[in-house]
Amino acid sequence: MTGNEAIAQGALDAGCRFYAGYPITPQNELIGYMASHMTAYGGVFIQAESELSAINMVFGASSAGVRAMTSSSSPGISLKQEGISYIAGAELPAVIVNIMRGGPGLGNIWPAQSDYFQATRSGGHGDYHCLVLAPHSVQEAYDMVGRAFELADKYRMPAIILGDGMLGQMMEPLVVKSQIPNPKSQIKKPWALTGCKGRKPNIAKSFYMWEGELEKFNLGLQKKYKMIQAKEERFEGFMLSDAQIILVAYGSMARIAKGAIASLRKRGIKIGLIRPLTLWPFPKKIFQSISQGHKCRKILVIEMSYGQMIEDVQLSLGGKINVEFLGRSGGGVPTEEEIIKKVVSRKW
Amino acid sequence: MEKIFSHPKSLRDTPTHYCPGCGHGIAHRLICEVIDELGIRERVIGIAPVGCAVIAYDYWDFDCSEAAHGRALAVATAIKRVRPENIVFTYQGDGDLAAIGTNETIHAANRGESLTVIFINNAIYGMTGGQMAPTTLVGQKTVTTPVGRESKLHGYPLKISEMLALLEGVKYIERTSLNSPQEILKTKQAIRQAFENQVNNIGFSMVEILSPCPTYWGMSPKESMDWIKNVMSREFPLGRIK
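These numbers come from a predicted model, not from an experiment.

Caption draft 1: Main features of the sheet that holds strand 13 (residues 298-303) of chain A. Residue and element names in this part refer to chain A. Pairing is mixed across the open sheet formed by five strands, whose spatial order is 9-11-10-13-14. Both edges of this open sheet fall to strand 9 (235-238) and strand 14 (323-327), since each of them pairs with a single strand only. In this sheet, neighbouring strand axes are inclined to one another by 20° on average, regardless of whether the strands run parallel or antiparallel. Two elements, strand 10 (residues 245-248) and strand 13, share four bridges in a ladder whose sense is parallel. When the bridges of strand 13 are listed, I246 appears paired with I299.

Here's what the structure looks like:
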């Protein structure tokens, strides 16, 4: 199964019962898979007239209490930003999949990681955040989409699966969950719009007109975000215990980094990898602990961009360790050889 | 003695934020009366627009959602598809439905979504201070057409109802007005028809309501009503369109 198809199947197995999307390469297998399979699960599939419409359909389905998802690739995700801001503002759960391609503008359809800032800072207007999960294999893509729905429901906020064209198109074996959660066992949603029978009317909104209302609401959001930062950051540590050099990479880039590490270890270089699984909240604590007494004094951040995640690494380290960078984007992907060359030739 | 007039159950007892002579209050009330009469209040989900009626849910006593400017019919489409047993309607102004949201409007209509659309046409942007709307009449002065709308520069008033009537998915469109008690009663009948169509799952139904905006038309409430009758309804003829 391709990464795109695995994400779709993962969503269906996680109880996603509404999907709206608009075609864009390199995520078309996802919309195609949803079109073929959603009705068999009793859900609703709509090919929307635009990305704007698709994300606002997700707003609607989610406000009605249904697990809802949309997917796109970079230019399409830019179009969805207004809707994501409204979803965050109305405190609705939703899952948004971005299979990143090259930019800016129409760019190209090659894999890239240039939308890190857009995903991890509020990509639309206003002080908000999305949960951002970054899988690096087809299996992990399948598993993470289920996790994304759980977190989105728990915290009532949008969750982004941030993959890239390589992950979306890659084919790998997949083990699907044998125990599919019963949608009825999902978290209760007393806020959902279902018709006001036997209760006071519910309102789904992000508009706070009267003085002080919005600030109070925003402080509530910030409190929620702080709690998430304390509880939900995740990373994978790979050969870290004796590492004197640590690579930092996420998603497909981390697969390539692991290959480089295997070669470098054969040469006797003590090198490891930190792979953030959550990009927001960013796994700050591991970097803080490294900056306080770990053997490692050398860090190399590798991205399919010209340096976006590196800012979070630097912020987390607080300037205590020098951070080097290797990045390509716009069709180019840093290769194992380039990583090895950078590590062995560099006077750190 | 038989009680023949009372406050609709679906309408909250809220002080109005609308300007004197505005049509929104009348339209809000008519919707509530129809919902009460059809006995569907507990099934209704309303979509409030961006514009002067942005806080319509402060008046309506049933489930409501907001929608980003222009996107009400995308939000409504999804709610209706996942909850077909509910009665879903949008309430949208001319800028919302016929400018920024034209795409959503045309495609929801063309898909034949089983929705009810209440389209308030007052030929102006009210909330933002009186700019040109897609339905602003040629010659009409607004903040962004200070010497009047000129067809060479701004085109002509958009007849979105007539355009939508061409689509097979659209089952009912009527244009009505709020300029007199008789026209208000006709408007209520049309709103009732548009909701009944959804109850009976007939297809996309829309009522375009010519509604006064005395503040940004620069007229008194009485002059506004007369202007709808004598000028605006010549450009936008009243009656059943489909």
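Next comes the rest of the account.
Caption draft 2: Fine view of the interface of chain A and chain B. Listed as interface residues are 32 residues of chain A and, on the opposing side, 29 residues of chain B. For the side of chain A that touches chain B, the secondary-structure elements that each account for two or more residues are strand 1 (18-21), strand 2 (44-47), helix 3 (51-63), helix 4 (74-89) and strand 8 (203-204) of chain A. Counting residues per element, the side of chain A that touches chain B draws most heavily on helix 3 of chain A, at eight residues. When grouped by side-chain class, the residues that make up the side of chain A that touches chain B number 18 nonpolar, 10 polar and four charged.

Caption draft 3: The sheet that holds strand 2 (residues 63-66) of chain B, seen in detail. Here eight strands make up an open sheet; going across it, the order is 8(A)-2(B)-1(B)-3(B)-4(B)-8(B)-7(B)-9(B) and the pairing mixed. Of all the strands in the sheet, the pair left with one neighbour each is strand 8 of chain A together with strand 9 (239-240) of chain B. Here strand 1 (residues 44-48) of chain B runs beside strand 2 of chain B; their pairing, made up of four bridges, is parallel. Considered in strand 2 of chain B, the bridge of I45 of chain B is made with D63 of chain B.

Caption draft 4: Region of interest: the nonpolar core. Among the nonpolar cores identified, the biggest contains 182 residues, and V95, V145 and A257 of chain A together with I118 of chain B are the most heavily contacted of them. When we break this core down by domain, the ones giving at least three residues each are domain 1 (3-193 + 219-231) and domain 2 (236-345) of chain A. If near-sequence neighbours (up to four positions away) are discounted, I118 of chain B is found in contact with A27, I31, F89, Y91, I191, V207 and I209 of chain B.

Caption draft 5: Representation of the packing of helix 1 (residues 3-13) of chain A against helix 6 (residues 138-155) of chain A. All names here are of chain A. Across the interface, helix 1 lies against helix 6 with an axial gap of 8 Å and an inter-helix angle of 30°. Judged by the inter-axis angle, helix 1 sits roughly parallel to helix 6. Note that helix 1 runs across helix 6; the crossing there is right-handed. Together, G3, A6, I7, Q9, G10, A11 and D13 of helix 1 and V138, A141, Y142, D143, V145 and G146 of helix 6 make up the contact between the two elements. In terms of residue class, the contact of helix 1 with helix 6 is built from seven nonpolar, four polar and two charged.

Criteria and cut-off values
- Residues numbered from 1 in each chain as written.
- Chains lettered and ligands numbered in written order.
- Predicted model: local features only at pLDDT ≥ 70, side-chain atom pairs only at ≥ 80, totals over all residues.
- Pairing = 2+ DSSP bridges.
- Helix = DSSP H or I, 4+ residues; strand = E, 2+ residues; numbered from the N terminus.
- Axes fitted to C-alpha atoms, helices over the stretch in contact; angles between N-to-C directions.
- Contact = placed C-beta atoms within 7 Å.
- Nonpolar A, V, L, I, M, F, W, Y, C, P; charged D, E, K, R; others polar.
- Core = buried A, V, L, I, M, F, W, Y, C linked by C-beta atoms within 7 Å.
- Buried ≥ 20, exposed ≤ 12 C-beta atoms within 10 Å, placed from the backbone.
- Domains from an automatic or database assignment.
- Parallel < 35°, antiparallel > 145°, perpendicular 65-115°, else oblique.
- Left-handed = near helix turned anticlockwise from the far one by under 90°.

Geometry only, nothing functional implied.
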